[in-house]
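Architecture and fold: a report
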Amino acid sequence: MRWNRGCPGRTILQFLFLALTQAQVFAQTNQLVYRKEYAMGTVFEIAAYSSSPSLASHAIDKAFVEVIRLDHIMSDYDPSSDLSRINRTAHYRAELVPADLYRVIQQSLAYSKLSNGKFDITVGPLSRLWKKETRGGSSPSAVQLKELLNCIGWQKVVLVPPDRVEFRSPCMALDLGAIGKGYAVDRAVTVLRSFGVKNALISAGGSTIYGMGSPPGLPAWVVHLRDPSKKLSPAVRLNGNSVSTSEQTRNPRPERTPFGHIIDPVKGIPITSPYSVSVVADSATESDALSTTLLLMGPAEGKAVLQGLPNIAAVWISSREKSEYISNGPRISMNHLTDTGH
Amino acid sequence: MRSQRLIVLSSLLLIAAAPAWGRVFLEWTEPAIPPPTRIGVRELVVSWTPGNVRLMTTAKSLGYSVFAGVRAADAATAANAAASSGLAGIIVESESGTPGSNSVRELLERLRRSYPRLAILELSSQGKQPQIRGNLVVSRDGVLVVSSPTEQPWIDSNVALARFVSALQPNKPPLFSFSWDLIDPLERQVGPRAADYALAVAEAGAMRADLILPVHPNLQKALADGNQAAWREWERVKTYLQFYSAGKLPAVRPCADIAVVADDYGEAYEAMNLMARHNILFTVFPPDEVTPQRMARLQMAVVFSRPDEQGLRTLQAFADQGGTVVLVQVQGHFPWETLPSIISDSGRTYTVGRGRVVELAEPIADPETFAEMVRNLMSSRGSLVRLWNALTILAFAFREPHTDRMELELVNYAEQAQSVQVRVKGLFSEVRYETPEHGNYPAIRPEHNDGYTEFVLPDLQIGGRVYLTSEAENTR
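Residues numbered from 1 in each chain as written. Chains lettered and ligands numbered in written order. Predicted model: local features only at pLDDT ≥ 70, side-chain atom pairs only at ≥ 80, totals over all residues. Heavy atoms only, no water.

Across its full length, chain A carries 8 helices and 14 strands. Considering only intrachain contacts with a sequence separation of at least 6, the fraction spanning at least 24 residues in chain A is 60%. As displayed, chain A has an accessible area near 14900 Å², and 54% of this comes from carbon and sulfur atoms. (Helix = DSSP H or I, 4+ residues; strand = E, 2+ residues; numbered from the N terminus. Contact = heavy atoms within 4.5 Å. Areas by Shrake-Rupley, 256 points an atom, 1.4 Å probe, with all protein chains shown as cover.)

Looking now at empty space enclosed by the protein. All names here are of chain B. Applying the stated criterion across every chain, the model contains 2 cavities of 30 Å³ or more. Estimates place the volume of the second largest cavity at around 90 Å³. Along the walls of the second largest cavity sit V159, R163, C255, A276, N279, I280, L281, F282, L394, A395, F396 and A397, which together make up its complete lining. Looking at the lining of the second largest cavity, the elements with two or more residues in it are helix 6 (159–168) and strand 21 (393–399). Per-element tally for the lining of the second largest cavity: the top contributor is strand 21, with 4 residues. Looking at the lining of the second largest cavity, its residues break down into 10 nonpolar, 1 polar and 1 charged. When residues are assigned to domains, the lining of the second largest cavity turns out to be shared by domain 2 (256–377) and domain 3 (384–474), each giving three or more. (1 Å grid on protein atoms, 1.4 Å probe; cavity = no way out; pocket = protein on both sides within 12 Å on 5 of 7 lines; lining within 4 Å. Points joined across faces, edges and corners; volume = space filled by probe spheres on them. Nonpolar A, V, L, I, M, F, W, Y, C, P; charged D, E, K, R; others polar. Domains from an automatic or database assignment.)

For the rest of this paragraph, the subject is the environment of M297 of chain A. Residues and elements named next belong to chain A. Within the element layout of this structure, M297 appears in helix 8 (residues 284–306). Given a relative accessible area of 9%, M297 falls into the buried group. For the pair M297 and N116, spaced 181 residues apart in sequence, the C-alpha to C-alpha distance is 10.0 Å. (Buried < 20%, exposed > 50% of the residue type's maximum accessible area, 1.4 Å probe, protein only.)

All names here are of chain A. Structurally, D288 is set in helix 8. The buried charged residue D288 lacks any salt bridge partner; its closest oppositely charged side chain belongs to K181, at an N-O distance of 5.9 Å. Discounting residues that sit within four places of it in the chain, D288 has contacts with A178, I179, G180, K181, G182, T208 and S244. (Lys, Arg positive; Asp, Glu negative; His and termini not counted. Salt bridge = Lys/Arg side-chain N within 4 Å of Asp/Glu carboxyl O.)

With 52 residues of chain A in contact, the opposing surface of chain B contributes 61 residues. Interface area for chain A against chain B, summed over the two sides, is near 4500 Å², with a carbon-plus-sulfur share of 58%. At the surface where chain A touches chain B, the tally comes to 1 salt bridge. A salt bridge links R35 of chain A to D184 of chain B; the nearest nitrogen and oxygen atoms lie 2.6 Å apart. Where chain A touches chain B, the interface holds 15 residue pairs in polar contact (both at pLDDT 80 or more). Where the side of chain A that touches chain B is concerned, the elements lending two or more residues are helix 1 (8–28), strand 1 (31–39), strand 2 (42–50), helix 2 (53–74), strand 6 (199–204), strand 8 (221–224) and strand 10 (241–247) of chain A. Residue contributions to the side of chain A that touches chain B peak at 8 residues, all from strand 1 of chain A. Bridging between strand 8 of chain A and strand 8 (residues 142–146) of chain B involves 2 bridges; their strand directions are parallel. Each residue of the ladder has a partner; that of H224 of chain A, found in strand 8 of chain B, is V146 of chain B. (Buried area = accessible area lost by both parts, 1.4 Å probe. Polar contact = N/O pair within 3.5 Å; in protein donor to acceptor, adjacent residues only side chain to side chain. Pairing = 2+ DSSP bridges.)

All names here are of chain B. Following the sequence through the fold, T453 ends up in strand 27 (residues 452–457). Classification of T453 by relative accessible area gives buried; the value is 0%. Separated by 2.5 Å, the side chain of T453 and the backbone oxygen of G426 make a polar contact.

With that settled, the discussion passes to helix 11 (residues 265–277) of chain B. All names here are of chain B. The terminal C-alpha atoms of helix 11 lie 17 Å apart, and with 13 residues this matches the ideal 18 Å at 1.5 Å per residue to within 8%. The sharpest bend along helix 11 comes to roughly 25°, located at A271. Burial within helix 11 is extensive, with 10 of its 13 residues counted as buried. Within helix 11, burial applies to Y265, A268, Y269, A271, M272, N273, L274, M275, A276 and R277. Sitting at the amino-terminal end of helix 11 is D264, which places a side-chain oxygen 2.9 Å from the backbone nitrogen of G266. The positive-phi residue at the C-terminal boundary of helix 11 is N279, with phi of around 55°. (Expected span 1.5 Å × (residues − 1). Bend = angle between axes of the 7 residues up to and from the residue.)

With that out of the way, let us pick up the pairing of strand 6 of chain A. Residues and elements named next belong to chain A. Within strand 6, 6 of the 6 residues are buried, leaving the element largely enclosed by the surrounding structure. The alternating pattern of strand 6 places N199, L201 and S203 and A200, I202 and A204 on opposite faces, both of which are buried. Of the pairings in the sheet, the one linking strand 6 to strand 7 (residues 208–212) comprises 5 bridges and is antiparallel in character. Across the sheet, the residue bridging to L201 is G211, located in strand 7.

This part is about unusual backbone geometry. Residue and element names in this part refer to chain A. Residue P162 is reached from P161 by a cis peptide bond, and omega for that bond is 5°. Residue placement: P162 occurs in the loop between strand 4 (157–160) and strand 5 (164–167). Residues other than glycine seldom take positive phi values, yet K230 does so here, at roughly 60°. Inspection of the secondary structure assignment puts K230 in the loop between strand 8 and strand 9 (235–238). Judged by its relative accessible area of 69%, K230 is exposed. One non-glycine residue, N311, lies in positive phi territory at about 55°. Examined against the element boundaries, N311 turns out to sit in the loop between helix 8 and strand 12 (313–318). According to the relative accessible area criterion, N311 is partly exposed, its value standing at 36%.

As a further point, take the sheet that holds strand 21 of chain B. Note: strands within a sheet are paired through backbone hydrogen bonds, in either parallel or antiparallel orientation. All names here are of chain B. Read from one edge of the open sheet, 6 strands run 12-21-22-28-24-25, paired in antiparallel fashion. Only two strands of the sheet have a single neighbouring strand rather than two, namely strand 12 (253–254) and strand 25 (439–440). In this structure, strand 22 (residues 406–412) lies alongside strand 28 (residues 463–470), joined through 6 bridges in antiparallel fashion. Its bridge partner lying in strand 28, M406 is registered against L468.

As a further point, take a negative patch on the surface. Together, D263, D264, E267, D288 and D308 of chain B line one region of the surface with negative charge. Turning to its location among the elements, E267 of chain B is positioned in helix 11. (Patch = residues over 30% accessible without salt bridge, like charges linked within 9 Å, V, L, I, M, F, W, Y side chains within 5 Å. Charge placed at Lys NZ, Arg CZ, Asp CG, Glu CD.)

Okay, the packing of helix 6 of chain B against helix 11 of chain B next. Each packed pair of helices is defined by two parameters, the angle between the axes and the distance between the axes. Residue and element names in this part refer to chain B. The geometry of helix 6 relative to helix 11 is characterised by a closest axis approach of 8 Å and an angle of 125° between their N-to-C directions. Comparing the axis directions of helix 6 and helix 11 gives the class oblique. Considering how the two elements wind past one another, helix 6 and helix 11 form a crossing that is right-handed. Seen from helix 6, the contacting residues are V159, A160, L161 and F164; seen from helix 11, they are Y265, Y269, M272, N273 and A276. For the contact of helix 6 with helix 11, a count of residues per class yields 8 nonpolar, 1 polar and no charged. (Axes fitted to C-alpha atoms, helices over the stretch in contact; angles between N-to-C directions. Parallel < 35°, antiparallel > 145°, perpendicular 65-115°, else oblique. Left-handed = near helix turned anticlockwise from the far one by under 90°.)

Attention now goes to the confidence of the model for chain B. All names here are of chain B. Mean pLDDT over chain B stands at 88; residues scoring 70 or higher make up 91%. Below a pLDDT of 50 lies the segment residues 1–20, which in the model reaches 16 contacts outside its immediate sequence neighbourhood of four places, other chains included. Among the scores for the predicted complex, ipTM is 0.85 and pTM is 0.89. (pLDDT = per-residue confidence, 0-100.)

Bringing the domain arrangement of chain B into the picture now. All names here are of chain B. Along its sequence, chain B is organised into domain 1 (6–129 + 161–244), domain 2 (256–377) and domain 3 (384–474). Just the C-alpha atoms count here: the centres of domain 1 and domain 3 sit 29 Å apart. Listed as interface residues are 16 residues of domain 1 and, on the opposing side, 18 residues of domain 3. A buried area of about 1400 Å², summed over both sides, lies between domain 1 and domain 3, and 60% of it is on carbon and sulfur atoms. Ranking the residues of domain 1 by area buried against domain 3 places L199, R208 and F243 at the top, with a combined share of 41%. Our count for the domain 1 to domain 3 interface comes out at 3 salt bridges. Residue R208 pairs with E407 through a salt bridge whose shortest N-O separation is 2.5 Å. At the boundary of domain 1 with domain 3, the tally comes to 6 residue pairs in polar contact (both at pLDDT 80 or more). Elements with a contribution of two residues or more to the side of domain 1 that touches domain 3: helix 8 (194–206) and helix 10 (228–243). By residue number, the principal contributor to the side of domain 1 that touches domain 3 is helix 8, which donates 7 residues.

In structure tokens form, the structure reads like this:
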């Protein structure tokens, strides 16, 4: 009840009492600071434990400033972003780009190589085409798809050290949707560390989550993973590492296929996959890029790619309780029902 | 000195321009309060407790219109005391806080008859702090985290509440309030930011609703103490208070594509909330008001409560002329039952003349799918307003009766500047845009496309207003 709060005198006493008891408690322990900010088309959230909440709050504000700065560089919605600029002008012309964009493209190309082209940031023209179709446009014709497939290809992106990028295609456009948020999370972690924050959880829209240190009294941050089967209860403990989850967009009209935001760069159409894929890795950039890659590859091919990579774990889970798992270090627990809370 | 005079003058103008809609009442709890000329709001709500008598007296002497906030159980006593002590009115909250409680409305009617000079208002306290919600669940025990594919931002809005309350009292603006959702101890101590207050004012103003704005106790103290930083923050809020007290088309009426026919708030809430989230413009009315007049200009009716026979005939005629009627688990026999139909997993679809009637056999289990279905059913005729690049923005449309003038209100829950692409049904030659931060922009050049007007609005920080005038209107 709004008007049932007693007289203000009592409220102030309660407030003072709470403040005093909290001060006593927090003098001994860390205090939780939570903030959220809209960026990159989703909500970034940071929860930190710190003995200096005001410092942590300031650090989080600075981390968000960094995320928004990166959004202004890597956004494909904002026509004034650096990404949009090179998408307009870098065809057969080496364009100057900010260091962050150069680094993200460089890392993206490494994942393209690793996945033999399954991970490919050059799918921009195809992403646009299918987005248009989702909004009610007509389905792309085979001719259209063939034309656009000729535009793309990660080998057609040329990095000119130290800071230039060129497209060897007349119609290429980059889409950093499968790696940009991960990179932004890693940058936020760096900013938080620079302010002395040691224990924090950073989430980019729930799909990429990094755990720094741990919450008070616990060895790690427990993250429950997306479980389409609703029976496996997968969970992971993060302490100095990250988890990302990828899944194709749910099709509200199953009669209309293919559908979704994850495009197969080889076929040029949205993939159809029964799986939700979660990947644990040392950095958010890596987990973000690999989760999309492994969704595109499927379990058999994906496991083969991960064989050589240290400190990675991945799980594929379908709605029919089918799951595939691989780990080169981090553990993803299943049926994790009793010891995940804190 | 001159600038001080200007500030005082503009504040006086602000509080003198009390509009018939979009009023903001400040909720005050601390003993000291600055004068209304500085605060920029004249209406004050103080909880009806013995300890607040002095605050009410002080506020009244400073020039505030003081309203006592009371529970329904105390309303009669409070009304008597308020009338004799010269308060402006009482604001009554029902025991459940649920809109539409008949017993409260009857009580208020009785009190209005007994105290005709006292404003007696009903509060819907089930409002939420307008904001973008995150995915982490932060509680006293820690942080619950569940990974997912990237979630689109979820908006906590009061659209469903305001629309439902409007249906109950069509000639009065809805009045609602909320509590701040302050999660961590530091935030609880510091209170909301100016942008949060501004967003709350913008949302209520954009919906033409009245709002009781709770002012955090520490901000109250700081303002009363003359704290410069606090006043700088409050000046930002005042910009919004001023903007939303100065709509230029006061006679406008809300536009909608869809009618929600319901008399139970809880039953229709999820669907209304999702439609609001998807920028589907809807109006709500009770089942006994399903008339051809109410259904005019609408594309669809989503029916949660069964209308009487006359209402059912109106729905059939509406479908016959090309409209879509969706019945959500409404029981009984219907006039279209003899017509051909198709059975699917979700229910039965009848072809009725140029339109259709969809009978859903189950309650709405997945509101997201339901909102998507509504959008798909609407797509053939196109919605009145569509936004692009606007995951965090809600739009509200109004029309000036007997003219081709429209007004759009936009609210950006992300609280950061964004350009937004807008498409409005109809051909408008003049598009004017204003925001609290920038005032009027130069005229925006619209493009006409297949019966629609399209334009891009720059820098929508939190709130913005667009005036649309048709070619015909301009030459009148």
